[in-house]
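Here is how the chains run, residue by residue.
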Amino acid sequence: MARLENKICLISGGASGLGEAMVRLFREEGAEVYLGDIDAARGEAIAEDCGAIFLPLDVSEEDQWVAAVERIEKDRGRLDVVVNNAGILGTGPLETIDVARWDRLFAVNVTGVMLGCKHGGMLMQRNPGGSSGSIINISSNAGILATAADCGYSATKGAVRLMTKSIAINFARRGLSIRCNSVHPGPTDTPIFEPWRSNEKASAQLDATLREMVPLGRLGQPREIAHMALYLASDDSSFSTGSEFVVDGGGTSALAGM
Ligand SMILES: NC(=O)c1ccc[n+]([C@@H]2O[C@H](COP(=O)([O-])OP(=O)(O)OC[C@H]3O[C@@H](n4cnc5c(N)ncnc54)[C@H](O)[C@@H]3O)[C@@H](O)[C@H]2O)c1
């Protein structure tokens, strides 16, 4: 039996990379999937290809979350899974930080996740038969160990890690059956790194740098991260909440250079 049969899922940032892999895997596992993204062209094409539904969604805008969740409630009357996946890189190191970029980064990577938990969680509380659901926040292994190279990214991903625990405890203490967990991928082969692939040499250098961070010696593939989201979306993870799930080829296990 498919692992997400009859589940209604909303995946933000589903038009590329990890989000696209989740949209496709969740569809294969029987879910009804709403794909929210700012990239309507790619989002609509992927949705059409795999039978998902595209929703225009800038995760940093609360009114757009309200509209997305209202649409799902009108269509389906319930919501079972939210994956807060949309995210962007970064500010660079401390000495170069531009405050406008810092603010945008926090708006997308932190406020966007909070709003998904808030509005997704409110519909999950109204699910017929009582509250239920699973919220999956995509952090990073850079939310557990810091990089000097991107101060803002580490700060936002660390914020997602602890925000997830706060929200999980909030739901649990209020007697709600809504779980909330974070996923911490290591370097994974997605278009997020495109700005650093301006030519072949830069791209090879980037790959070498990323591989060095991974004891398994390679970048992750988006589907390898999507499988963790699938586990957390499914009832197989029913006793997990407030927890962090690392999928990083061993990156956070090794002392530097050892
Ligand atoms: N790729 C990696 O190595 C890696 C590692 C750790 C964590 N992550 C995290 O995984 C998530 C997905 O990353 P990816 O590598 O698939 O990136 P990606 O750039 O391939 O895809 C990101 C998607 O998010 C969308 N998006 C950007 N801003 C948005 C907004 N304001 N509202 C809605 N959608 C928006 C983009 O249009 C795009 O479709 C991010 O949160 C990222 O920080 C990625």
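Residues numbered from 1 in each chain as written. Predicted model: local features only at pLDDT ≥ 70, side-chain atom pairs only at ≥ 80, totals over all residues. Heavy atoms only, no water.

Colleague: Summarise the overall build of the protein; cite the residues concerned and give the values.
Modeller: Summing up its helical and strand segments, the protein has seven helices and seven strands in all. In terms of overall dimensions, the protein is globule-like: its C-alpha atoms have a radius of gyration of 18 Å, near the 18 Å expected for 258 residues. Overall, the protein is about 55 × 40 × 40 Å in size when its C-alpha atoms are taken along their principal axes. For the protein, the residues scored as buried account for 50% of the 258 residues in total. Intrachain contacts of the protein at a sequence separation of at least 6 include 70% that bridge at least 24 residues. (Helix = DSSP H or I, 4+ residues; strand = E, 2+ residues; numbered from the N terminus. Rg over C-alpha atoms; globule rule 2.2 N^0.38 Å. Buried < 20%, exposed > 50% of the residue type's maximum accessible area, 1.4 Å probe, protein only. Contact = heavy atoms within 4.5 Å.)

Colleague: I'd like to hear about the nonpolar core, residue by residue, with values.
Modeller: In terms of nonpolar packing, the biggest core is built from 31 residues, with Met-22, Val-23, Phe-26, Val-83 and Ile-136 touching the most fellow members. For this core, the leading source of residues is helix H7 (residues 222-233), giving seven residues. Apart from residues lying up to four places away in sequence, Ile-136 is in contact with Val-81, Val-82, Val-83, Asn-84, Asn-181, Val-183, Ala-229, Leu-232 and Ala-233. In this structure, Val-69, Ile-72, Val-108 and Leu-176 belong to the second largest nonpolar core, which totals 30 residues. (Core = buried A, V, L, I, M, F, W, Y, C linked by side-chain atoms within 4.5 Å.)

Colleague: Report on the site of the ligand, specifying residues and quantitative values.
Modeller: As a structural note, the neighbourhood of the ligand is formed by 30 residues, with Ser-16, Asp-37, Tyr-153, Thr-188 and Thr-190 the closest of them. In the model, a nitrogen atom of the ligand is placed 3.4 Å from a nitrogen or oxygen of the Leu-57 main chain. Within the side chain of Tyr-153, an N or O atom sits 2.6 Å from an oxygen atom of the ligand. Protein contact buries 93% of the 830 Å² of open area that the ligand shows by itself. When residues of the shell around the ligand are traced back to their parent elements, those giving at least two are helix H1 (17-28), helix H4 (99-125) and helix H5 (151-173). Residues that form the shell around the ligand fall into these classes: 15 nonpolar, ten polar and five charged. (Near = heavy atom within 4 Å. Polar contact = N/O pair within 3.5 Å; in protein donor to acceptor, adjacent residues only side chain to side chain. Areas by Shrake-Rupley, 256 points an atom, 1.4 Å probe, with all protein chains shown as cover. Nonpolar A, V, L, I, M, F, W, Y, C, P; charged D, E, K, R; others polar.)

Colleague: Break down the packing of aromatic side chains for me, citing the residues and quoting the values.
Modeller: Using the criterion set out here, one finds two aromatic pairs in the structure. Taking the centre distance of 4.8 Å and the plane angle of 35° together, the rings of Trp-102 and Phe-106 count as tilted. With Trp-102 and Phe-106 both in helix H4, this residue pair falls four residues apart, about one helical turn. (Phe/Tyr/Trp six-rings, centres within 6.5 Å; stacked < 30°, edge-to-face > 60°.)

Colleague: Provide a residue-level description of the packing of H1 against helix H2 (residues 40-50), including the pertinent values.
Modeller: Two elements in contact, H1 and H2, have axes separated by 10 Å at closest approach and are oriented at 20°. Taken together, the axes of H1 and H2 are roughly parallel relative to one another. The two elements H1 and H2 meet at a crossing, and its hand is right-handed. In contact with Glu-20, Val-23, Arg-24 and Arg-27 of H1, H2 contributes Arg-42, Ile-46, Asp-49 and Cys-50. Of the residues contributing to the contact of H1 with H2, the split by class is three nonpolar, no polar and five charged. (Axes fitted to C-alpha atoms, helices over the stretch in contact; angles between N-to-C directions. Parallel < 35°, antiparallel > 145°, perpendicular 65-115°, else oblique. Left-handed = near helix turned anticlockwise from the far one by under 90°.)

Colleague: Outline the sheet that holds strand E4 (residues 81-84), supporting the account with residue identities and numerical values.
Modeller: Here we have seven strands laid out as an open sheet, ordered E3-E2-E1-E4-E5-E6-E7, and parallel in their pairing. Looking at the sheet topology across the chains shown, the edges are occupied by strand E3 (53-56) and strand E7 (244-247). Sheet twist, expressed as the average angle between the axes of neighbouring strands with direction ignored, equals 20°. The sheet contact formed by strand E1 (residues 8-12) and strand E2 (residues 32-37) spans five bridges and is parallel. Across the sheet, the residue bridging to Ile-11 is Leu-35, located in E2. (Pairing = 2+ DSSP bridges.)

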